[in-house]
Amino acid sequence: MTDKIQTGLRIPEERYKEITEIAERAGISVNALVLHLVDIGLAAVSLGTQEERRVLLRNLRDIS
């Protein structure tokens, strides 16, 4: 089992209501939905970073 750290998250009430509604429709807990959203966000950041690396490498090849 992976170690877990408990943390608090302060979000605007309207955003919490939106998250709660989505979680209920999906049949999952709010915690599970937040973890999914974190995973999606981290993946998007990682993809952005990978694309930035590709552009950098492409530019390096163009000047060599």
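Our subject is the structure that appears above.
For clarity, every value in this text was computed on a predicted model and none was experimentally measured.

Draft legend 1. Molecular detail of the overall build of the protein. Along the backbone of the protein there are two helices and zero strands. Taking 2.2 N^0.38 as the reference for a compact globule, 64 residues should give roughly 11 Å; the C-alpha atoms of the protein span a radius of gyration of 18 Å, well beyond that estimate. In terms of overall dimensions, the protein has C-alpha extents of about 55 × 30 × 20 Å along its principal axes. The buried share among the 64 residues of the protein stands at 6%. Here the protein displays about 6,100 Å² of accessible surface, and carbon together with sulfur accounts for 58% of that area.

Draft legend 2. A look at a nonpolar patch on the surface. On the surface, Leu9, Ile11 and Tyr16 cluster together into a nonpolar patch covering about 300 Å² of accessible area. Relative to the elements of secondary structure, isoleucine 11 occurs in the segment before α1 (13-26). Taking relative accessible area as the criterion, isoleucine 11 reaches 31% and is therefore assigned partly exposed.

Draft legend 3. Expanded view of the pattern of salt bridges. Summed over all chains, the structure comprises three salt bridges. Put simply, lysine 17 and glutamate 13 hold a salt bridge, and the shortest N to O gap is 3.6 Å. With a gap of four residues between them, lysine 17 and glutamate 13 both fall in helix α1, about one helical turn apart. In this structure glutamate 13 comes out as exposed when scored by relative accessible area, which is 56%.

Parameters at a glance
Residues numbered from 1 in each chain as written. Predicted model: local features only at pLDDT ≥ 70, side-chain atom pairs only at ≥ 80, totals over all residues. Heavy atoms only, no water. Helix = DSSP H or I, 4+ residues; strand = E, 2+ residues; numbered from the N terminus. Rg over C-alpha atoms; globule rule 2.2 N^0.38 Å. Buried < 20%, exposed > 50% of the residue type's maximum accessible area, 1.4 Å probe, protein only. Areas by Shrake-Rupley, 256 points an atom, 1.4 Å probe, with all protein chains shown as cover. Patch = residues over 30% accessible without salt bridge, like charges linked within 9 Å, V, L, I, M, F, W, Y side chains within 5 Å. Salt bridge = Lys/Arg side-chain N within 4 Å of Asp/Glu carboxyl O.

In short, shape yes, function no, at least from these values alone.
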